[in-house]
Amino acid sequence: MPRMIASWFGSPWEWPALRERPRSTTPLGTSCIHCEQQIILGDQGLVLSDAPDSPLHRRCFYAFLFSKPRRDARERGAATTTR
Ligand SMILES: [Zn+2]
């Protein structure tokens, strides 16, 4: 999971992965990949390596991570039951 993270922004928080990744400037004006709200000054967040132009709020990171595999599994399940 941590290997997906390219960099982070905002004030640092207690998370081991942060020590291994560079801090970037806050991408003001770009939209969060999860909640689609604009990143504003003071936000904390992450930039994923497979979506370098799409930041993610710190608070949205876990929701993003745990919502995605569920959806993928459901799509896979639907595909196998309908064909
Ligand atoms: Zn967000």
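Description of the structure in this document. By convention here, each chain's residues receive numbers from 1 onward along its written sequence. The predicted origin of the model limits local features to residues at a pLDDT of at least 70 and limits the giving and counting of side-chain atom pairs to 80 or more, whereas totals for whole chains, interfaces and linings rest on all residues.

1. Structural notes on the environment of proline 27
Here a strand is any run of E in DSSP of at least two residues, a helix any run of H or I of at least four, and the numbering for each starts at the N terminus. The topology assignment puts proline 27 in the loop between α1 (16–20) and β2 (45–48). When the C-alpha atoms of proline 27 and valine 47 are compared, they prove to be 9.3 Å apart, with 20 residues separating the residues in sequence.

2. Observations concerning the pairing of β2
Paired strands, as defined in this entry, are two strands with at least two bridges between them according to DSSP. Pairing between strand β1 (residues 5–9) and β2: four bridges, direction antiparallel. For phenylalanine 9, the partnering residue across the bridge sits in β2 and is glycine 45. Inspection of the sheet shows β2 paired to strand β3 (residues 55–57) by three bridges, in the antiparallel sense. What sits directly across from leucine 46, in β3, is leucine 56. Here β2 folds back onto β3 in antiparallel fashion, the turn holding six residues.

3. As for the environment of glutamine 37
For glutamine 37, the location among the structural elements is in the loop between α1 and β2. Residues glutamine 37 and histidine 57, 20 residues apart in the sequence, show an inter-C-alpha distance of 9.2 Å. Discounting chain neighbours no more than four positions away, the residues touching glutamine 37 are Ser31 and Cys32. By the criterion used throughout, residues are in contact when their C-beta atoms, derived from the backbone, lie within 7 Å.

4. As for the nonpolar core
Remark: nonpolar core denotes a set of buried Ala, Val, Leu, Ile, Met, Phe, Trp, Tyr and Cys residues whose joining runs through C-beta atoms within 7 Å. Think of it as a crowd count around each C-beta: if 20 or more other C-beta atoms lie within 10 Å the residue is buried, if 12 or fewer it is exposed, and in between it is partly exposed, with C-beta placed from the backbone throughout. Among the nonpolar cores identified, the biggest contains eight residues, and these are Trp8, Phe9, Cys32, Ile39, Leu46, Val47, Leu56 and Phe61. The set of elements that each furnish at least two residues to this core consists of β1 and β2.

5. Quick word on the environment of arginine 58
In this structure, arginine 58 sits in helix α2 (residues 58–82). By the C-beta count within 10 Å, which is 16 here, arginine 58 ends up partly exposed. Between the alpha carbons of arginine 58 and glycine 45 there is a distance of 4.2 Å; along the sequence they are 13 residues apart. If near-sequence neighbours (up to four positions away) are discounted, arginine 58 is found in contact with Trp13, Gln44, Gly45 and Leu46.

6. Digging into the sheet that holds β3
Taken in spatial order, the three strands line up as β1-β2-β3 in an open sheet, and their pairing is antiparallel. Strands at the two margins of the open sheet, each flanked by one partner only, are β1 and β3. The sheet shows a mean angle of 30° between the axes of neighbouring strands, direction not considered. With axes taken as lines fitted to C-alpha atoms, and helix axes fitted only over the stretch in contact, angles between N-to-C directions fall between 0 and 180 degrees.

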